[in-house]
Amino acid sequence: GGGGGGGGFIVPSSWSSQPDPSTARTFHVLNGSKEYDMVATAFHSSLSNSDKSTIRIVTIRIVTIKRIENLAAWTCYISKRDALLARAAQQQQQQQQQQRQRRRAGGGGGGGGFIVPSSWSSQPDPSTARTFHVLNGSKEYDMVATAFHSSLSNSDKSTIRIVTIRIVTIKRIENLAAWTCYISKRDALLARAAQQQQQQQQQQRQRRRAGGGGGGG
């Protein structure tokens, strides 16, 4: 087989040992397994009637349970879940700080370990999205301005378009949840493209080695 790639995702223990980052796959969950019982119990509990004034009798039989392994979607979910948890923790911390500030006036900060652009602040807040003015003349400003101006180029070479546009300000949005989701989907697309290229190369080899060879020159 061919060894696979990728990077340090913390996935459920019930997933395959090397989930494919380039595509989503489905697997039948074995009836009687711990995973099957957990999903079946959660499904049955979702059928409970919230209206206690009526009695509902329903007979439902589970035919099959399938697990979907999708690293891009899973990483996106984890990022957003962690952002929600961080926001809840931050709100609780702010409430505690407000009580302390009445007596001391202090503060603390936290957080971590995301691989983000070097132009971002040293400790981006995982609980919320923030905007920052980009300094005119900085490397980041020049890079964004150049990309913006190049997007204005006219694809129709038969006409000449003269437009005067002045950039007033450039702002950077730091949103860890959106960034992590983007990185996950980007890596999945790159992995899929690499896999397709590898398959094409293998097909070319199979014409010469395994199968029928062709001829000549």
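(A) Structural context of the side chain of Glu140. Mapped onto the fold, Glu140 is located in helix H3 (residues 139–150). The buried category is assigned to Glu140, whose relative accessible area is 18%. Leaving out residues up to four positions away in the same chain, Glu140 has contacts with Ser119, Val134 and Arg172.

(B) Structural context of helix H1 (residues 34–45). Between its first and last C-alpha, H1 extends 17 Å over 12 residues, near the 16 Å set by a 1.5 Å rise per residue. Of all the positions in H1, only Glu35, Tyr36 and Ala40 are classed as buried. Relative to the axis of H1, the buried residues are bounded by an arc of 125° and lie together on one face. Turned more than 90 degrees away from the buried face of H1, the exposed residues are Lys34, Met38 and Thr41. On its buried face, H1 sits against strand E2 (66–69).

(C) Geometry of the environment of Leu189. Along the polypeptide, Leu189 turns up in helix H4 (residues 176–208). A sequence separation of 166 residues divides Leu189 from Thr23, and the C-alpha atoms of the two residues are 8.7 Å apart.

(D) Layout of the state of the cysteines. On inspection of all chains with the given rule, the structure shows 1 disulfide. The disulfide that involves Cys76 links it to Cys181, with 2.4 Å between the sulfurs. A torsion of -85° about the S-S bond marks the disulfide between Cys76 and Cys181 as left-handed. Here Cys181 lies in helix H4 and Cys76 lies in helix H2 (residues 71–101), a separation of 105 residues in the sequence. Here the two residues Cys76 and Cys181 agree in accessibility, since each one is buried.

(E) Highlighting the pattern of salt bridges. In total, this model carries 6 salt bridges according to the counting rule given. Between Glu140 and Arg172 there is a salt bridge, with the nearest N and O atoms lying 2.9 Å from each other. Here Arg172 lies in strand E4 (residues 171–174) and Glu140 lies in helix H3, a separation of 32 residues in the sequence. Its salt-bridge partner being Asp187, residue Arg186 comes within 3.1 Å of it at the nearest N-O pair. By sharing partners, the salt bridges in this structure join Glu35, Arg67 and Glu69 into a single network.

(F) A look at a nonpolar patch on the surface. Residues Phe43, Leu47 and Ile60 make up a contiguous nonpolar surface patch of about 220 Å² in total accessible area. Along the chain, Leu47 falls in the loop between H1 and E2.

(G) The arrangement of H4 in detail. Between its first and last C-alpha atoms H4 spans 49 Å; for 33 residues at 1.5 Å apiece the expected length is 48 Å, and the two agree. Buried residues of H4: Leu176, Ala177, Thr180, Cys181, Ile183, Ser184 and Ala188, and no others. Capping the start of H4 is the job of one residue whose side-chain oxygen sits 3.2 Å from the backbone nitrogen of Ala177: Asn175.

(H) Spotlight on the packing of aromatic side chains. Taken as a whole and judged by the stated rule, the model has 4 aromatic pairs. Where Trp15 meets Trp74, the ring centres are 5.8 Å apart and the plane angle is 55°; that geometry is what we call tilted. Here Trp15, found in the segment before strand E1 (25–28), pairs with Trp74, found in helix H2; they are 59 residues apart in sequence, far enough to count as distant. What makes Trp74 partly exposed here is its relative accessible area of 22%. Residues Trp179 and Tyr182 carry aromatic rings whose centres are separated by 5.4 Å and whose planes lie at 50° to one another, so their mutual orientation is tilted.

So, how was this worked out
- One numbering rule holds for all chains: residues counted from 1, following each sequence as written.
- Only residues with pLDDT of 70 or above have their local features reported here, since the model is predicted, and side-chain atom pairs are shown and tallied only from 80 upward, although totals for entire chains, interfaces and linings are computed over all residues.
- With hydrogens and water set aside, each side-chain value is computed from the structure's full complement of heavy atoms.
- Runs of E in the DSSP output that reach at least two residues are strands. Runs of H or I that reach at least four are helices, and both are numbered from the N terminus.
- With a 1.4 Å probe rolled over the protein chains alone, any residue whose accessible area is under 20% of its type maximum counts as buried; one over 50% counts as exposed, and the rest are partly exposed.
- Any two residues whose heavy atoms approach within 4.5 Å at even a single point are treated as in contact.
- To estimate how far a helix should reach, multiply one less than its number of residues by 1.5 Å.
- By definition, the arc is the one covered by directions from the helix axis to the C-beta atoms.
- When two cysteine sulfur atoms are found within 2.5 Å, that pair is recorded as a disulfide.
- The term salt bridge refers to a side-chain nitrogen of Lys or Arg lying within 4 Å of a carboxyl oxygen of Asp or Glu.
- Residues qualify for a patch when their relative accessible area is over 30% and they have no salt bridge, like charges being joined within 9 Å and the nonpolar side chains of Val, Leu, Ile, Met, Phe, Trp and Tyr within 5 Å.
- Per-residue and other accessible areas were derived by the Shrake-Rupley procedure at a 1.4 Å probe size, with only the shown protein chains allowed to occlude residues.
- Identification of polar contacts relies on pairs of N or O atoms within 3.5 Å, with a donor-acceptor requirement for protein atoms, meaning one able to donate a hydrogen and the other able to accept it, and with residues adjacent in sequence counted only if both atoms are side-chain atoms.
- Centres within 6.5 Å make a pair out of two Phe, Tyr or Trp rings, where for Trp the six-membered ring is used; the pair is then stacked when the planes are under 30 degrees apart, edge-to-face when over 60, and tilted otherwise.

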